[in-house]
Amino acid sequence: GIQVEQSPPDLILQEGANSTLRCNFSDSVNNLQWFHQNPWGQLINLFYIPSGTKQNGRLSATTVATERYSLLYISSSQTTDSGVYFCAVPNAGNNRKLIWGLGTSLAVNP
Amino acid sequence: DTGVSQDPRHKITKRGQNVTFRCDPISEHNRLYWYRQTLGQGPEFLTYFQNEAQLEKSRLLSDRFSAERPKGSFSTLEIQRTEQGDSAMYLCASSLTAGGFSGANVLTFGAGSRLTVL
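Structural notes, computed from the coordinates. These figures come from a predicted structure and were not determined experimentally. (Residues numbered from 1 in each chain as written. Chains lettered and ligands numbered in written order. Predicted model: local features only at pLDDT ≥ 70, side-chain atom pairs only at ≥ 80, totals over all residues. Heavy atoms only, no water.)

## Section: the pattern of salt bridges
Taken as a whole, this structure holds 4 salt bridges over all chains when the rule is applied. For Arg58 of chain A, the salt bridge identified is with Asp81 of chain A, shortest N-O distance 2.8 Å. Of this pair, Arg58 of chain A sits in the loop between strand S6 (52–56) and strand S7 (59–64) while Asp81 of chain A sits in the loop between strand S8 (69–74) and strand S9 (83–91), and the two are 23 residues apart along the sequence. In this structure Asp81 of chain A comes out as buried when scored by relative accessible area, which is 7%. Residue Arg64 of chain B is joined to Glu83 of chain B by a salt bridge in which the shortest nitrogen-to-oxygen separation is 3.4 Å. Highlighted residues: Arg64 of chain B in the loop between strand S6 (53–57) and strand S7 (65–68) and Glu83 of chain B in the loop between strand S8 (75–79) and strand S9 (88–95), separated in sequence by 19 residues. Judged by its relative accessible area of 10%, Arg64 of chain B is buried. Under the relative-accessibility criterion, Glu83 of chain B is labelled partly exposed at 41%. Among the charged side chains, a network of salt bridges with common partners joins Arg64, Glu83 and Asp86 of chain B. (Salt bridge = Lys/Arg side-chain N within 4 Å of Asp/Glu carboxyl O. Helix = DSSP H or I, 4+ residues; strand = E, 2+ residues; numbered from the N terminus. Buried < 20%, exposed > 50% of the residue type's maximum accessible area, 1.4 Å probe, protein only.)

## Considering the sheet that holds S7 of chain A
Residue and element names in this part refer to chain A. Strand order across the open sheet formed by 5 strands is S1-S3-S8-S7-S6, with antiparallel pairing between neighbours. Both edges of this open sheet fall to strand S1 (4–7) and S6, since each of them pairs with a single strand only. Sheet twist, expressed as the average angle between the axes of neighbouring strands with direction ignored, equals 15 degrees. Sheet analysis places strand S3 (residues 19–25) next to S8, joined by 6 bridges and oriented antiparallel. Looking at the pairing, Ser19 lines up with Ile74 of S8. (Pairing = 2+ DSSP bridges. Axes fitted to C-alpha atoms, helices over the stretch in contact; angles between N-to-C directions.)

## Observations regarding the side chain of Thr63 of chain A
Residues and elements named next belong to chain A. Tracing the sequence through the fold places Thr63 in strand S7. Under the relative-accessibility criterion, Thr63 is labelled buried at 4%. At a separation of 2.9 Å, a polar atom in the side chain of Thr63 contacts the side chain of Ser70. Dropping the residues within four chain positions of it, Thr63 is found in contact with Phe25, Leu32, Ile49, Pro50, Ser51, Gly52, Tyr69 and Ser70. (Polar contact = N/O pair within 3.5 Å; in protein donor to acceptor, adjacent residues only side chain to side chain. Contact = heavy atoms within 4.5 Å.)

As structure tokens, this is what we get:
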């Protein structure tokens, strides 16, 4: 099955810093989603981004499907950005079943 | 619409007992998913409903696990004869898809039900 790798596994930032999180996947996909899981466990969908670039406030994401990777950019980080960031892709073209990476655990210090 | 609701939020049980979790999806969503997440891991797919039909089940879902969505609205996930290895966060998500098999499928998750088996 498809493999999803995220890097870095852990990241510590000072408030106000910028960061880039990466998601590599081993096979062609027709969509990719980025999620944020807050320290209380709630998963929030950040982006549905099969290709190209999208922006939402201080966050933006870019997926280069032909090269099998996606990037999540966080600018001017805030303490509320802390948590785990996951990317997920559909399994073998089946968009009903998502395969998830292990996540990037982000801590933003004041 | 208050999002996806899960109940209970926390459940502590003794090994061998049965537990049931409930999920109320966003009302207009036609798809409902159950995922399981253990510490340090991403969510793992368990099962999926399209309306009331259970269309896919993971091999992770042993015969001790059963899920239902009787009227295509809320869903229950029951674990019989719980084992310590069942301790995890059980996540429910729903989505609305109108684009067929490959249409956009953006998931909205509930807050999860955390199970601890002693």
